[in-house]
Amino acid sequence: MEKFNQVTSTAVPLNVADIDTDQIIPARFLKATSREGFGENLFRDWRFDASGELNSEFVLNDKKYQGKILVAGKNFGCGSSREHAAWALYDYGFRVVVSSYFADIFKGNAMNNGLLPVEVSDEFLNQLFEYIKEDSGTEIIVDLKNEFIEVNKRELKESFQINEYKKMCLLKGYQDIDFLISKKESIEAFEKTHVEY
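Residues numbered from 1 in each chain as written. Predicted model: local features only at pLDDT ≥ 70, side-chain atom pairs only at ≥ 80, totals over all residues. Heavy atoms only, no water.

### As for the overall build of the chain
Stated precisely, the cut-off is as follows: Where helices and strands are cited, they refer to DSSP runs of H or I of at least four residues and of E of at least two residues respectively, numbered from the N terminus. Only protein chains enter the area calculation, which uses a 1.4 Å probe; residues under 20% of their type maximum are buried, those over 50% are exposed, and those in between are partly exposed. Note on contacts: a residue pair is in contact if any heavy atoms of the two residues lie within 4.5 Å. A positive count includes Lys and Arg, and a negative count includes Asp and Glu. His and the chain ends are not counted in either. In plain terms, the charge of a residue is placed at NZ if it is Lys, CZ if Arg, CG if Asp and CD if Glu.
In terms of helices and strands, the chain carries eight helices and eight strands. Dimensions along the principal axes, computed over C-alpha positions, put the chain at roughly 65 × 45 × 25 Å. Looking at the 197 residues of the chain, the share that counts as buried comes to 43%. In the chain, 65% of the contacts between residues at least 6 apart in sequence involve partners at least 24 apart. Between the centroid of the 24 positive side chains of the chain and the centroid of its 33 negative side chains there is a distance of 4 Å.

### Concerning the sheet that holds strand S3 (residues 69-72)
Our working definition: Note on pairing: two strands pair once DSSP finds at least 2 bridges between them. In this analysis an axis means a line fitted to C-alpha atoms, helices contributing only their contacting stretch, and an angle means the value between N-to-C directions, from 0 to 180 degrees.
What the four strands build is an open sheet, ordered S2-S3-S4-S5; its pairing is parallel. Edge strands, defined here as strands with exactly one partner in the open sheet, are strand S2 (11-14) and strand S5 (116-119). Neighbour-to-neighbour, the strand axes of this sheet turn through a mean angle of 20 degrees, independent of strand direction. Across three bridges, the pairing between S3 and strand S4 (residues 96-99) is parallel. In the sheet register, Ile-69 faces S4, and the bridge partner there is Val-96.

### Here we look at the pairing of S5
The side chains of a regular strand alternate between both faces of the sheet. Stated formally: A crossover counts as right-handed when, viewed with the strands pointing away from the observer, the path leading from the first strand over the helix to the second turns clockwise.
The pairing of S4 with S5 spans four bridges and is classified as parallel. Among the inter-strand pairings, Val-98 is bridged to a residue of S5, identified as Val-118. Running through helix H4 (residues 104-112), the crossover from S4 to the neighbouring parallel element S5 is right-handed.

### Overview of the nonpolar core
Note the cut-off: Here, nonpolar core means buried Ala, Val, Leu, Ile, Met, Phe, Trp, Tyr and Cys residues that are tied together by side-chain atoms lying within 4.5 Å of each other.
In this structure, Phe-43, Val-71, Phe-76, Leu-89, Val-98, Phe-106 and Leu-116 are the most contacted members of the largest nonpolar core, which totals 53 residues. With six residues, helix H5 (residues 122-134) is the single largest residue contributor to this core. Excluding its chain neighbours within four sequence positions, the residues that come into contact with Leu-116 are Phe-4, Arg-95, Val-96, Val-97, Val-142, Leu-144, Phe-160, Ile-162 and Leu-170.

### A look at H4
Of the residues making up H4, those classed as buried are Phe-106, Asn-109, Ala-110 and Met-111. Against the buried residues of H4 lie helix H1 (21-24), helix H3 (84-92), S5 and helix H6 (164-172). Two residues or fewer after H4 comes Gly-114, characterised by a positive phi angle close to 80 degrees.

### Thoughts on the pattern of salt bridges
Our working definition: The working definition used for a salt bridge is a side-chain nitrogen of Lys or Arg within 4 Å of a carboxyl oxygen of Asp or Glu.
Tallied over the full model, the rule gives seven salt bridges. Across the pair Glu-134 and Arg-154 runs a salt bridge whose closest N-O atoms are separated by 3.2 Å. Linking Glu-134 in helix H5 with Arg-154 in the loop between strand S7 (148-151) and strand S8 (157-159), this pair joins segments that are 20 residues apart in sequence. Using a relative accessible area of 32% as the deciding quantity, one classes Arg-154 as partly exposed.

### Some points on H3
Of all nine residues in H3, seven are buried, a share of seventy percent or more. Residues of H3 that are buried sit in contact with H1, S3, S4 and H4. The positive-phi residue at the C-terminal boundary of H3 is Gly-93, with phi of around 125 degrees.

### What to know about the pairing of S4
Residues Val-96 and Val-98 line one face of S4 and the alternating positions Val-97 and Ser-99 line the opposite face, and both faces are buried. Between S3 and its parallel partner S4, the chain crosses via H3, and the hand of that crossover is right-handed.

### Some words on the side chain of Glu-147
Which entries qualify depends on this criterion: Under the rule applied, a polar contact is a pair of N or O atoms within 3.5 Å (in protein, one hydrogen donor and one hydrogen acceptor; residues adjacent in sequence only if both atoms are side-chain atoms).
With respect to the helices, strands and loops of the structure, Glu-147 is situated in the loop between strand S6 (140-143) and S7. On the basis of relative accessibility, which here comes to 15%, the residue Glu-147 falls in the buried class. Polar side-chain contacts of Glu-147 include one of 3.0 Å to the side chain of Lys-167. Beyond its immediate chain neighbours, meaning those up to four positions away, Glu-147 contacts Glu-158, Ser-159, Phe-160, Gln-161, Ile-162, Glu-164 and Lys-167.

### Comments concerning the sheet that holds S7
The strand order across the open sheet formed by four strands is S1-S6-S7-S8, and the pairing between neighbours is antiparallel. Because the sheet does not close on itself, it has two edges, and the strands there are strand S1 (6-9) and S8. Between one strand and the next, the sheet's axes are offset by a mean angle of 10 degrees, whatever the strand orientation. Examined bridge by bridge, S1 and S6 share four bridges and lie antiparallel to one another. Across the sheet, residue Val-7 finds its bridge partner in S6, namely Val-142. Across the face of the sheet, H5 comes into contact with S6, S7 and S8 while running at roughly 35 degrees to S7.

Just geometry here; none of it tells us what the structure is for.
See the structure below:
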């Protein structure tokens, strides 16, 4: 997993509440077991019409909105617990999702896969949408180490909270197994002094 410290990027605004995991990655695309390739079907039923043509009105198909940050409406990632939703967002190129509320299972799946869910106040989120609407080139700074998000060159900044263990894993680029491996020498030393064979 890539190390995550700070991201400075423009953003894609998806001002829709209650986006569930089936909208993020429809169930018919869950047959693969590796994480690669899911990005091409991210928001599939919104990005394409019934005939398979691009939906020009959907924000991901609007070339003026680009970046590593997805700004989404409240209650993002609700619905089923599929980890593939985080895989699809990451594979598409997103490294941060900003919302005023995340479903707990989605939040855990995101952090386990290198995707940072940044939970902000409703007021901050609404102002962020306004700034991006005014200027699609609006840059957002997300600082994991210091736990803040701010809009570059604007007076908009807010702190966010994250589980300390997950924060450490993201900063070091660890998955859970990598963390355990990093403790191998300590575990072996403990076993030598505490385990009877």
